Amino acid sequence: MDEVAGAIADPVRRQILVLLREGRLAAGEVAERFPISRPAVSRHLRVLRESGLVRAELVGRQRFYTLDPDRFTELVAWLAQFVRPSGWEHHFDALETEVYRTRRERRTGGAADSRREGTA
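Predicted model, so just to flag it, every value in this text is computed and none were measured. (Residues numbered from 1 in each chain as written. Predicted model: local features only at pLDDT ≥ 70, side-chain atom pairs only at ≥ 80, totals over all residues. Heavy atoms only, no water.)

Chemist: Quick question: what am I supposed to make of a positive patch on the surface here?
Modeler: Residues Arg 103, Arg 104, Arg 106 and Arg 107 make up a contiguous surface patch of positive charge. Of note, Arg 104 is situated in helix H6 (residues 88-119). According to the relative accessible area criterion, Arg 104 is partly exposed, its value standing at 47%. (Patch = residues over 30% accessible without salt bridge, like charges linked within 9 Å, V, L, I, M, F, W, Y side chains within 5 Å. Areas by Shrake-Rupley, 256 points an atom, 1.4 Å probe, with all protein chains shown as cover. Salt bridge = Lys/Arg side-chain N within 4 Å of Asp/Glu carboxyl O. Lys, Arg positive; Asp, Glu negative; His and termini not counted. Charge placed at Lys NZ, Arg CZ, Asp CG, Glu CD. Helix = DSSP H or I, 4+ residues; strand = E, 2+ residues; numbered from the N terminus. Buried < 20%, exposed > 50% of the residue type's maximum accessible area, 1.4 Å probe, protein only.)

Chemist: Even after reading the chapter, I still don't get the pairing of strand E3 (residues 62-67), so can you show me in this structure?
Modeler: Residues in a regular strand point their side chains to alternate faces of the sheet. One ladder, built from 2 bridges, connects strand E1 (residues 25-26) with E3; its direction is antiparallel. Each residue of the ladder has a partner; that of Ala 26, found in E3, is Phe 64. Relative to E3, strand E2 (residues 54-59) runs antiparallel, the two being bridged by 6 bridges. Counterpart to Val 59 in the pairing with E3 is Gln 62. Taken together, E2 and the strand that follows it, E3, pair antiparallel across an intervening segment of 2 residues, in which Gly 60 is found at a positive phi of about 65°. (Pairing = 2+ DSSP bridges.)

Chemist: Got a minute to help me understand helix H4 (residues 38-51) in this structure?
Modeler: For an α-helix, the turn length of 3.6 residues means that residues three or four places apart are oriented alike. With 14 residues, H4 extends 20 Å between its outermost C-alpha atoms, agreeing within 8% with the 20 Å of an ideal straight helix rising 1.5 Å per residue. Each element contacted by the buried residues of H4 is listed here: helix H1 (2-7), helix H2 (11-21), helix H3 (27-32), E2 and E3. Once H4 finishes, Gly 52 follows within two positions and takes phi at roughly 90°, a positive value. (Expected span 1.5 Å × (residues − 1). Contact = heavy atoms within 4.5 Å.)

Chemist: I would appreciate a short explanation of the packing of H2 against H4 in the present structure.
Modeler: Packed helices, taken two at a time, are described by the angle their axes make and the gap between the axes. It is the contact of H2 with H4, at a shortest axis distance of 10 Å, that shows an interaxial angle of 70°. Between H2 and H4, the interaxial angle falls into the category roughly perpendicular. Residues Val 12, Arg 13, Ile 16 and Leu 17 of H2 pack against His 44, Leu 45, Val 47 and Leu 48 of H4. (Axes fitted to C-alpha atoms, helices over the stretch in contact; angles between N-to-C directions. Parallel < 35°, antiparallel > 145°, perpendicular 65-115°, else oblique.)

Chemist: What am I meant to see in the packing of aromatic side chains here?
Modeler: Aromatic rings considered in pairs are described by the distance between their centres and by the relative angle of their planes. Following the criterion strictly, the structure yields 1 aromatic pair and no others. Relative to Phe 82, the ring of Trp 78 has its centre 5.0 Å away and its plane inclined at 65°; by these criteria the two rings are edge-to-face. You can call Trp 78 partly exposed: its relative accessible area is 41%. The side chain of Arg 24 reaches across the aromatic face of Phe 64, ending 4.0 Å from its centre. (Phe/Tyr/Trp six-rings, centres within 6.5 Å; stacked < 30°, edge-to-face > 60°. Lys NZ or Arg CZ within 6 Å of the ring centre and 35° of its normal.)

Chemist: I would appreciate a short explanation of the sheet that holds E3 in the present structure.
Modeler: Note: strands within a sheet are paired through backbone hydrogen bonds, in either parallel or antiparallel orientation. Taken together, the 3 strands give an open sheet; going across it, the order is E1-E3-E2, and neighbouring strands pair in antiparallel fashion. Only two strands of the sheet have a single neighbouring strand rather than two, namely E1 and E2. Sheet strands touched by H2: E1, E2 and E3. Its angle to E3, the strand with the most contacts, is close to 90°. H4 contacts E2 and E3 of the sheet and is inclined by roughly 115° relative to E2.

Have a look at this one:
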C-alpha cells in the first residue's frame, strides 16, 4: 500500500494513470502529452511499473503501458474509512438505525402494553 501511495504522490504520475485509464499507450505517446523531457517521463513510468500500477509490454521496439487497477484495492479500502457516508449510504444508515429503534420499542413497549392490559 505504501508503494502505491508513494507512486501516486506525484502529479505527473497521477496524470499518466488517468491517460492509461482509457487504454494502452506507447511510451512515446505518453511522453508527447507532457511538457517535460522523455527521460523524465520514462522515470515516472518506471516508478509506476515498479509499484505495480502499470504493466509494460514490449512489442518490437515499442514499450506499451497499461493500467493495472487491482493495485489500488488495498489503498482504496484503507482510504474508505475516512469517507463519511453520503447520498444513499447515509439514507441506508438512517434506515438501519430506525429499524433497530422500532424493534427495540416494540420489545420494550409491547411488554409494557401487555402488563397494562392484564391489570385493566
